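Structure assessment
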Amino acid sequence: MRVAADREVCIGSGNCVYLAPTVFDQDDDEGLVVLLTAEVDPGDAGPVGDAVARCPSGALRVVPD
Amino acid sequence: MTQTPAMPMHMQRTGFDPVAELARLRGDEGVAPVVTPFGLPAWLVTRAEDVRAVLSDPARFSNATDVPLGDLLELSAEEMARRRAGQLLGLDPPEHTRLRRMLTPEFTVRRIRRLAPRIEEIVDRHLDDLERDGPPADLVPRFALPIPSLVICELLGVPYSERDRFQRLTARQLDLSVPIEERLRLGLESRAFMEEQVARARAEPGDDMLGMLIREHGDELTHDELVGVSLLLLIAGHETTANMLGLGTLALLCHPAQLAAVRDDPAAVEPAVEELLRWLSIVPQGILRTTTTEVTLGGRTIPAGALVAASLVAANRDPALVEDPDRLDITRGALGHLAFGHGVHHCLGAPLARMEMTTAFPALLRRFPRLTLAVPFEEVGFRPHHFIYGLRSLPVTW
């Protein structure tokens, strides 16, 4: 599973950082989403899926393999 | 004097709960015509899926259209523009994006976590005072209101000694039982208050958010924008979390097993806060949107230029969102509640609110493990006429 993030769309809610802190972070300068890894560990698939589904701005998506 | 508007059905509560009619409407029509507190026709959207659709589509559901308040608001176009300046909730992209991006770095999860020691200190000090004075005590003025007020004052750079002034201004402005003329006057007074704070910060920008905005964005922000955005942060920063702390404590007191879990199990705290946010939905609906085009929503056709009220409280109690939605269950874990809204206007301060609540609830319950209501439940003072639901008082003993 791969995930992609659009910083142009991101509003910095931080929801993804709470849900999957090993995959998502925010940078200090702009407070917008940063991917710590694009390849999601199968063990993180659940929380990452939640983060994508719950992202308030729709900035996250799962990239089909 | 204008008559006090009655609270419409979709904003009424019975204790913690929205009225049964709202659940019926969500199950049957989903989207239905209602009348706002000011007597204006609007479309009420109740299902989680439709509420998300409205809130995530600013191009078709605009925040930036002046709601026609008719004779209630006799303001010039210039005055209306001043009132709108800096008000993130009254703007659409790209104007909204420009302002919000100035604030986003201040509210990242990491930045807010750095505040944890200071928030813990503030919470502990208020608990020390309660313990020293002994029971009974009213937790609204002694715990729920002062903690977020002090936190936002320090963060923003407003002297806490001014709290009586801004707390009164805010609380009465959001109270529908206060005549509209007075609420408008209080709005002007609030802005005058914030203009003083901005002038002080301009003279000597501090190491706080006002200082940051002046130093880093002073050239891009008009005076009115700086005043507007600061006022929104101050109001949203204390009124919301204060009511969550008060009403949330009462909710836990009414659910003793869940209270015990929040008190005794650190792992239970974060999911409990999310569930309290969902179940209480203290902000009953998002800012009214105006359709920019004809839209179809939940099978209804809504014309362009219509007002739309997205009911957060109805969406958060939607059986399509969670099973058995009217039951408080802090073990549900993470879920997609809509208490912070959705879309580009999703609560900017959500990480701060979460930090304050995950700190304050367990600290209160551990300090006073035998905390209990000091009056019968029926005598607890709810705020039925407030735009933000909550408690007037919460008398407890321990």
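Read on for a plain summary of the structure. (Residues numbered from 1 in each chain as written. Chains lettered and ligands numbered in written order. Predicted model: local features only at pLDDT ≥ 70, side-chain atom pairs only at ≥ 80, totals over all residues. Heavy atoms only, no water.)

Focus on the overall build of chain A
Here is the rule: Helix and strand definitions here come from DSSP, where helices need a minimum of 4 consecutive H or I residues and strands a minimum of 2 consecutive E residues; each element is numbered from the N-terminal end. A radius of gyration in this sense is built from C-alpha atoms; the matching globule rule multiplies 2.2 Å by the number of residues raised to 0.38. The buried label goes to any residue with under 20% of its type's maximum accessible area, the exposed label to any with over 50%, and the partly exposed label to all in between, with areas taken from a 1.4 Å probe on protein chains only. Here, two residues are considered to be in contact whenever any of their heavy atoms come within 4.5 Å of each other.
Of the regular secondary structure elements, chain A holds 2 helices and 4 strands. In sequence order, chain A lays out its α and β elements as β-α-β-β-α-β. Over its C-alpha trace chain A gives a radius of gyration of 10 Å, about what one expects of a compact globule, namely 11 Å for 65 residues. Its C-alpha atoms give chain A principal-axis dimensions of about 30 × 20 × 15 Å. Within the span of chain A, comprising 65 residues, buried residues form 46% of the whole. The long-range share in chain A, meaning contacts at least 24 apart out of those at least 6 apart in sequence, stands at 58%.

Some points on the interface of chain A and chain B
Heads up, the condition is: Joining two parts hides part of their accessible area as seen by a 1.4 Å probe, and the buried area is that hidden amount summed over both. Here a salt bridge means any side-chain nitrogen of Lys or Arg lying within 4 Å of a carboxyl oxygen belonging to Asp or Glu. Counting of polar contacts relies on pairs of N or O atoms within 3.5 Å, with two restrictions inside protein: one atom must be capable of donating a hydrogen and the other of accepting it, and residues adjacent in sequence are counted only when both atoms are side-chain atoms.
Between chain A and chain B, the contact holds 23 residues from the first and 18 residues from the second. Counting each side, the surface lost to burial between chain A and chain B is near 1800 Å², with a carbon and sulfur contribution of 47%. Looking at the side of chain A facing chain B, the largest losses of area belong to A:Ile11, A:Tyr18 and A:Arg54, adding up to 35% of the total buried there. For the interface between chain A and chain B, the tally reads 2 salt bridges. Residues A:Asp25 and B:Arg110 are paired through a salt bridge, measuring 2.5 Å at the closest nitrogen-oxygen approach. Applying the counting rule to chain A against chain B returns 10 residue pairs in polar contact (both at pLDDT 80 or more). Secondary structure elements with two or more residues in the side of chain A that touches chain B: α1 (15–19) and β2 (24–26) of chain A. Considering every element that reaches the side of chain A that touches chain B, the biggest residue donor is α1(A), with 4 residues.

Digging into empty space enclosed by the protein
Residue and element names in this part refer to chain A. Stated formally: Both cavities and pockets are sets of points on a 1 Å grid over the protein atoms alone; in a cavity a 1.4 Å probe fits but cannot get out, in a pocket the set is open with protein on both sides within 12 Å along at least five of seven lines, and lining residues sit with an atom within 4 Å of a point. Grid points are joined across faces, edges and corners, and a volume is the space filled by probe spheres set on the points. Amino acids outside the nonpolar list (Ala, Val, Leu, Ile, Met, Phe, Trp, Tyr, Cys, Pro) and the charged list (Asp, Glu, Lys, Arg) are all regarded as polar, and Gly is one of them.
Within this structure, the stated rule accounts for 5 cavities of 30 Å³ or more. Space inside the second largest cavity adds up to approximately 120 Å³. In terms of lining, the second largest cavity is formed by 17 residues, of which the most central are Cys 10, Ser 13, Gly 14, Cys 16 and Cys 55. Classifying every residue of the lining of the second largest cavity by side-chain character gives 11 nonpolar, 6 polar and no charged.

Looking at the sheet that holds strand β3 (residues 31–35) of chain B
All names here are of chain B. Where we set the bar: Here the rule is simple: two strands pair whenever DSSP picks up at least two bridges between them. All axes are obtained by fitting lines to C-alpha atoms, using only the stretch in contact for helices, and the reported angles, taken between N-to-C directions, cover 0 to 180 degrees.
Strand order across the open sheet formed by 5 strands is β3-β4-β10-β7-β5, with mixed pairing between neighbours. Every other strand in the sheet has two partners, leaving β3 and β5 (61–62) as the edge strands with one partner each. As paired strands, strand β4 (residues 41–45) and strand β10 (residues 307–310) are joined by 3 bridges and run parallel to one another. Bridge pairing in β10 links Trp 43 to Val 308. Helix-sheet contacts for helix α2 (residues 48–55) involve β3, β4, β5, β7 (289–291) and β10, and the interaxial angle to β10 is about 125°.

Quick word on the sheet that holds strand β6 (residues 137–138) of chain B
In any sheet, the strands associate via hydrogen bonds between backbone groups, in a parallel or an antiparallel arrangement. All names here are of chain B. Read from one edge to the other, the open sheet built from 3 strands follows the order β6-β14-β11, with strand pairing classed as antiparallel. Edge positions in the sheet fall to β6 and β11 (372–373), since each of these pairs with one other strand and no more. For β6 and strand β14 (residues 395–397), the ladder comprises 2 bridges, and the chain directions are antiparallel. Among the inter-strand pairings, Asp 138 is bridged to a residue of β14, identified as Pro 395.

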